[in-house]
Amino acid sequence: DALNGYQKGSCFYCFRDISIVFGSDSLADVDHFFPHVLKPYKIVKSINGVWNLVLSCSECNRGTGGKFDAIPKLHLLERLCVRNEFLIHSHHPLRETLRMQTGKSLHQRQSYLQNAYNKAVELRTIQWQPKSSSVPRF
């Protein structure tokens, strides 16, 4: 529910309709923006933290041409930063957790994400973006 409030029932990557209702044909996947395969390299703290989790459609997460363990393109990192800031400034209950995991100030949070991204791209040069995209909803 916390992630869906920002995403408005849309895939984080392509904006297709998704659902958080179990049994739905368009049930959302919870995706790690920075993939789990990076965990041994300790690029990021708390890879399972809400700051790194997004809701995606199954096609973007694991479909033909899906993200799997690739690093999303840079413009998607910017979207993640905006999403995290939205949660922090909305006084969401996860606000303090996000701040503790990524930084107390906007500058610290942006630096944290950018540094992690730079290191991730060094290790995994393949960058991914969705094949197609619907009209942005957030």
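Residues numbered from 1 in each chain as written. Predicted model: local features only at pLDDT ≥ 70, side-chain atom pairs only at ≥ 80, totals over all residues. Heavy atoms only, no water.

Peer 1: Tell me about helix α3 (residues 74–89), and please be specific about residues and values.
Peer 2: In this model, α3 (16 residues) spans 23 Å end to end at C-alpha, consistent with the 22 Å of a helix rising 1.5 Å per residue. Among all positions in α3, only L76, L77, R79, L80, C81, R83, N84, E85, L87 and I88 are buried. Buried residues in α3 make contact with α1 (2–7), β2 (53–56), β3 (71–72), α4 (95–102), α5 (106–123) and β4 (127–128). A positive phi of about 60° marks H91, the residue just after α3. (Helix = DSSP H or I, 4+ residues; strand = E, 2+ residues; numbered from the N terminus. Expected span 1.5 Å × (residues − 1). Buried < 20%, exposed > 50% of the residue type's maximum accessible area, 1.4 Å probe, protein only. Contact = heavy atoms within 4.5 Å.)

Peer 1: Lay out the pattern of salt bridges in plain terms, naming residues and giving numbers.
Peer 2: Applying the stated criterion across every chain, the model contains 7 salt bridges. Notably, a salt bridge pairs R137 with D17, separated by 2.3 Å at the nearest N-O pair. Taken together, the positions of R137 in the segment after β4 and D17 in the loop between α1 and β1 (29–32) put the pair 120 residues apart, joining distant regions of the chain. As a salt-bridge pair, R62 and D29 come within 2.8 Å of each other at their nearest N and O atoms. A residue pair is termed long-range when its members are at least 10 positions apart, and R62 in helix α2 (residues 58–62) and D29 in strand β1 qualify at 33 residues. For D29, a relative accessible area of 13% translates into the label buried. One continuous salt-bridge network, built from bridges that share partners, spans R95, E96 and R99. (Salt bridge = Lys/Arg side-chain N within 4 Å of Asp/Glu carboxyl O.)

Peer 1: I'd like a description of the nonpolar core, backed by residues and values.
Peer 2: Core analysis: the largest hydrophobic core is formed by 35 residues, its most contacted members being Y13, F33, F34 and L113. Of all the elements in the fold, those that place two or more residues in this core are β2, α3 and α5. The biggest single contributor to this core is α3, with 6 residues. With residues up to four places along the chain from it excluded, the contact list for F33 reads F12, Y13, N52, K67, A70, P72, L76, L77 and L80. (Core = buried A, V, L, I, M, F, W, Y, C linked by side-chain atoms within 4.5 Å.)

Peer 1: Can you break down α5 residue by residue, with the values?
Peer 2: Look at α5: 26 Å from first C-alpha to last across 18 residues, which is about the 26 Å you get at 1.5 Å a residue. Within the sequence span of α5, burial applies to R109, Y112, L113, A116, Y117 and A120. Relative to the axis of α5, the buried residues are bounded by an arc of 125° and lie together on one face. Of the exposed residues in α5, those oriented more than 90 degrees away from the buried face are H107 and E122. (Arc of directions from axis to C-beta.)

Peer 1: Outline the packing of α3 against α4, supporting the account with residue identities and numerical values.
Peer 2: Packing of α3 against α4 leaves a shortest axis separation of 8 Å and a crossing angle of 135°. By the angle between their directions, the pair α3 and α4 is classed as oblique. Taken as a pair, α3 and α4 cross one another with a handedness that is left-handed. Counted together, N84, L87 and I88 of α3 and R95, L98 and R99 of α4 form the full contact between these two elements. A class-by-class count of the residues in the contact of α3 with α4 yields 3 nonpolar, 1 polar and 2 charged. (Axes fitted to C-alpha atoms, helices over the stretch in contact; angles between N-to-C directions. Parallel < 35°, antiparallel > 145°, perpendicular 65-115°, else oblique. Left-handed = near helix turned anticlockwise from the far one by under 90°. Nonpolar A, V, L, I, M, F, W, Y, C, P; charged D, E, K, R; others polar.)

Peer 1: Describe the pairing of β2, listing the residues and the values that go with them.
Peer 2: Neither face of β2 is exposed, since L53 and L55 on one face and V54 and S56 on the opposite face are all buried. With 4 bridges joining them, β1 and β2 adopt antiparallel strand pairing. Bridge pairing in β2 places D29 opposite S56. (Pairing = 2+ DSSP bridges.)

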